[in-house]
Amino acid sequence: MFEVRPSNGLEEYGNAIFGIGQYFGARPDEDRLLRFSKVLEIQRMHAALEDGEVIGGAGAFAYDFSVPGGTLPCAGVSVVGVYPTHRRRGVLRALMDAQLRDVHERGEPIAALWASEETIYGRFGYGLAAWAGDVKIAREWGAFARPLERRGQVRFVTPEQALDLFPPIWEALRRERPGVFARTREWWELRTLRLPDDEKANPKRFVALDLDGETQAYAIFRTHTGFENGVSSARTEVIEAIGSTPQATAELWRFLLDIDWTATFEASLLPPDHPLFLLLANPRRAGYRMGDGLWARLVDVGAALSGRAYAGDGSIVFGVRDAVCSWNEGRWKLEDGIASRTDADAEIALDVDALGSAYLGAVSFDQLRGALRLEELVEGAVQRADALFGWRPLPWCPEIF
Ligand SMILES: CC(C)(COP(=O)(O)OP(=O)(O)OC[C@H]1O[C@@H](n2cnc3c(N)ncnc32)[C@H](O)[C@@H]1OP(=O)(O)O)[C@@H](O)C(=O)NCCC(=O)NCCS
């Protein structure tokens, strides 16, 4: 038999994190654990133990998360892993159960995660809630469709300068799009802007784009040199490129795609409505490959639905099935932007993971109906739900956490 509880002390925390470390990397040393504990509290790392020995773990960052028209406290689920010696004995299920109960008690109405495999989290009520994809743009296909008048200036900045300049742009993205989590100063310092010793040979570079007297865009990138058959095969890896205005975003991408010596520009996690696709003259040549991005879980259906904005004032009654968080089960009426329990007949019946898919606006109820993921019990209900939930721009989470 095993038990699941929040980790107790740094050693147990490290052993619980080593659940995912078994597959994704080495055992973290003490320095790394201390750093990590500043962004993921020790108490928020659940450990599974058998006879006092850790056999798995699951963690949750506590951050604010942008939802359509607002922001909500969210559990950013991460570092989930079960030791290979104890697989398929229900350890993950027990961890998920304990974690979701904890998230609920803490009053975080939603949880979000990046899934290593798409097959794992649906059973725990997570739905595919944002699309993300990669591009690989060969230098010769980097031209824009329209001439771009460049008015800004790009400059290299140090991590210290970036710590002042980048966060306001990230915050602007949070106001513009659902799916973006708030980064604390520690997150910026210890994760985004940190230059680890083992990357010293080829460190991340930071640039800021100044326009109209203020910094309006930034990029984090790295170049990987290469030379094959007498020509460059170098890659520029765009780790993060964000602008707070369309002009700044366009100028930033022009800068990146013009970096000399690069044969191929690569970027990942881009949403399908990223401006780059219409800036490019040959979007087809970007080879966009889209897949699942963020997964979302409504931990408190009432609070989550009441916490986002809607495109209209109509109403809809959902019959929600939730085998894991049974407090969500039943009928919920969404009216004038507020969700409350109701005795009225359900108009759409669905599992909570399907509602999670629709929540940020990336997946429509019509799509869910097409994929047999909901039952429309009253004709026209799906169309009505889509008129309420539809949201632009699409969600975008630029970082895997
Ligand atoms: C994924 C992982 C955590 C599962 O742990 P586990 O303790 O073996 O899972 P459980 O025994 O609790 O399984 C619970 C259910 O999920 C299913 N399941 C578990 N892993 C699955 C997977 N990778 N794909 C599909 N189904 C999976 C089980 O079959 C079981 O289904 P059931 O409830 O219908 O019987 C573990 O395999 C692991 O650590 N994998 C590598 C690291 C990883 O990918 N972590 C996730 C990071 S996002």
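Residues numbered from 1 in each chain as written. Predicted model: local features only at pLDDT ≥ 70, side-chain atom pairs only at ≥ 80, totals over all residues.

**Observations concerning the overall build of the protein**
When helices and strands are counted, the protein shows twelve helices and 21 strands. Here the protein has a C-alpha radius of gyration of 22 Å; the compact-globule value for 401 residues is 21 Å, and the two agree. Across its three principal directions, the C-alpha atoms of the protein cover 65 × 55 × 40 Å. Across the 401 residues in the protein, those meeting the buried criterion constitute 41%. Partitioning the intrachain contacts of the protein with sequence separation of at least 6 by distance along the chain shows that 73% fall at a separation of at least 24. (Helix = DSSP H or I, 4+ residues; strand = E, 2+ residues; numbered from the N terminus. Rg over C-alpha atoms; globule rule 2.2 N^0.38 Å. Buried ≥ 20, exposed ≤ 12 C-beta atoms within 10 Å, placed from the backbone. Contact = placed C-beta atoms within 7 Å.)

**Side note on the pairing of strand 17 (residues 315-321)**
In terms of strand pairing, strand 17 meets strand 18 (residues 330-335) through six bridges, oriented antiparallel. The residue bridging I316 from the neighbouring strand is L334, located in strand 18. Looking at chain direction, strand 17 and strand 20 (residues 348-351) are connected through four bridges and run parallel. Note on strand 20: the bridge partner recorded for V320 is L350. (Pairing = 2+ DSSP bridges.)

**Quick look at the site of the ligand**
Residues in close proximity to the ligand total 18 residues, the closest being V82, V91, L92, S116 and T119. Those elements giving two or more residues to the shell around the ligand turn out to be helix 1 (10-24), strand 4 (70-82) and helix 3 (91-105). Each residue belonging to the shell around the ligand can be placed in one class, and the counts come to eight nonpolar, four polar and six charged. (Near = placed C-beta within 6 Å. Nonpolar A, V, L, I, M, F, W, Y, C, P; charged D, E, K, R; others polar.)

**Observations regarding the sheet that holds strand 3 (residues 53-67)**
The sheet built from seven strands is open, its strands ordered 1-2-3-4-5-16-6 with mixed pairing. Of all the strands in the sheet, the pair left with one neighbour each is strand 1 (3-6) and strand 6 (127-128). Strands strand 2 (45-50), strand 3 and strand 4 of the sheet are contacted by helix 1, whose axis makes an angle of about 75 degrees with strand 4. Contacting strand 6 and strand 16 (294-298), helix 10 (residues 352-359) runs over the sheet at an angle of about 120 degrees to strand 16. (Axes fitted to C-alpha atoms, helices over the stretch in contact; angles between N-to-C directions.)

**Quick notes on the sheet that holds strand 21 (residues 374-376)**
Taken together, the five strands give an open sheet; going across it, the order is 19-18-17-20-21, and neighbouring strands pair in mixed fashion. Unpaired on one side and paired on the other, strand 19 (338-341) and strand 21 mark the two borders of the sheet. Taking the axes of each pair of neighbouring strands and ignoring which way they run, one obtains an average angle of 25 degrees across the sheet. Looking at chain direction, strand 20 and strand 21 are connected through three bridges and run antiparallel. Within strand 21, the residue paired with A349 across the bridge is E375. Packed on one face of the sheet, helix 10 meets strand 17, strand 20 and strand 21 and runs near 100 degrees to strand 20. Strand contacts of helix 12 (residues 381-389): strand 17, strand 20 and strand 21, with the helix running at about 105 degrees to strand 17, the strand carrying the most contacts.

**With respect to unusual backbone geometry**
The omega angle of the peptide bond from R392 to P393 is 0 degrees, so this bond is cis rather than trans. The topology assignment puts P393 in the segment after helix 12. Non-glycine residue W261 carries a positive phi angle of around 75 degrees. Tracing the sequence through the fold places W261 in the loop between helix 7 (246-257) and strand 14 (262-270). Not every positive phi belongs to a glycine, and L372 is a case in point at roughly 60 degrees. By the element assignment, L372 lies in the loop between helix 11 (365-370) and strand 21.

**Quick notes on the domain arrangement of the protein**
Here the protein is partitioned into domain 1 (3-108), domain 2 (132-291) and domain 3 (300-389). Distance from the C-alpha centre of domain 1 to the C-alpha centre of domain 3: 29 Å. Taken residue by residue, the interface counts eight residues in domain 1 and eight residues in domain 3. Contributions of two or more residues to the side of domain 1 that touches domain 3 are made by strand 4 and helix 3. For the side of domain 1 that touches domain 3, the leading source of residues is helix 3, giving three residues. Partitioning the side of domain 1 that touches domain 3 into residue classes produces four nonpolar, three polar and one charged. (Domains from an automatic or database assignment.)

**Some words on the pairing of strand 7 (residues 131-138)**
The two faces of the sheet receive side chains in turn, since in a regular strand these alternate between them. In terms of strand pairing, strand 7 meets strand 15 (residues 289-292) through four bridges, oriented antiparallel. Note that in strand 15 the partner of G133 across the bridge is M290. Where strand 7 lies against strand 14, five bridges are found, and the strand directions are antiparallel. Bridge assignment links K136 to a residue of strand 14, and that residue is E266.

**Here's the deal with the nonpolar core**
A112, A129, Y218 and I348 are the most contacted members of the largest nonpolar core, which totals 113 residues. Of the residues forming this core, the biggest block, eight residues, is contributed by strand 3. Among all residues touching I348, those that are not within four sequence positions of it are I316, F318, F365, L374, E376, L377, A381, V382 and A385. (Core = buried A, V, L, I, M, F, W, Y, C linked by C-beta atoms within 7 Å.)

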